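Geometric and topological summary
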Amino acid sequence: MSEREINQYRLTDTEEPTDEMLAYIMHEVAEEARRTNEEAMDRYFNEINDIYQQKYGKNCSSIR
C-alpha cells in the first residue's frame, strides 16, 4: 500500500479500512505520539533546569 493511498483514505462509516491500512494508521499515530511526548519531556526538563539555575546559579549541574 502506497503512502498516496493512505493519504487519500478517509475514515467514514461507508468504507471499512483494510487491516493493512489500520496497521499503517496506528503505526503513524504511535510514532507521532512518541515524538510529541519526547518533545514535551524535553521542554519540561528544560523549564525545570532553567528554574533551578535561576534559583541556585548557573554553576550547578542540570537535572537531566
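Below is a short write-up of the structure. Here the structure is a predicted model, which means the values were calculated and not measured.

1. A few points about the packing of aromatic side chains
Scanning all chains against the criterion turns up two aromatic pairs. Centroid distance Tyr44 to Phe45: 5.1 Å. Interplanar angle 80°. Geometry classified as edge-to-face. The class for Tyr44 is partly exposed, based on a relative accessible area of 47%. Ring geometry for Tyr52 versus Tyr56: centroids 4.8 Å apart, planes at 45°, classification tilted. One end of the pair is Tyr52 and the other is Tyr56, both in helix H2 (residues 19-56) and four residues apart, which spans about a single turn. Given the relative accessible area of 30%, Tyr52 is considered partly exposed. Tyr56 gets classed as partly exposed once you look at its relative accessible area, which sits at 49%.

2. A closer look at the pattern of salt bridges
What the rule picks out here adds up to three salt bridges. We note a salt bridge from Arg34 to Glu31, for which the minimum N-O separation is 3.4 Å. Remark: Glu31 and Arg34 occur in helix H2; sequence separation between them is three residues, near one turn of the helix. Since its relative accessible area comes to 34%, Glu31 is described here as partly exposed.

What counts as what
Residues numbered from 1 in each chain as written. Predicted model: local features only at pLDDT ≥ 70, side-chain atom pairs only at ≥ 80, totals over all residues. Heavy atoms only, no water. Phe/Tyr/Trp six-rings, centres within 6.5 Å; stacked < 30°, edge-to-face > 60°. Buried < 20%, exposed > 50% of the residue type's maximum accessible area, 1.4 Å probe, protein only. Helix = DSSP H or I, 4+ residues; strand = E, 2+ residues; numbered from the N terminus. Salt bridge = Lys/Arg side-chain N within 4 Å of Asp/Glu carboxyl O.

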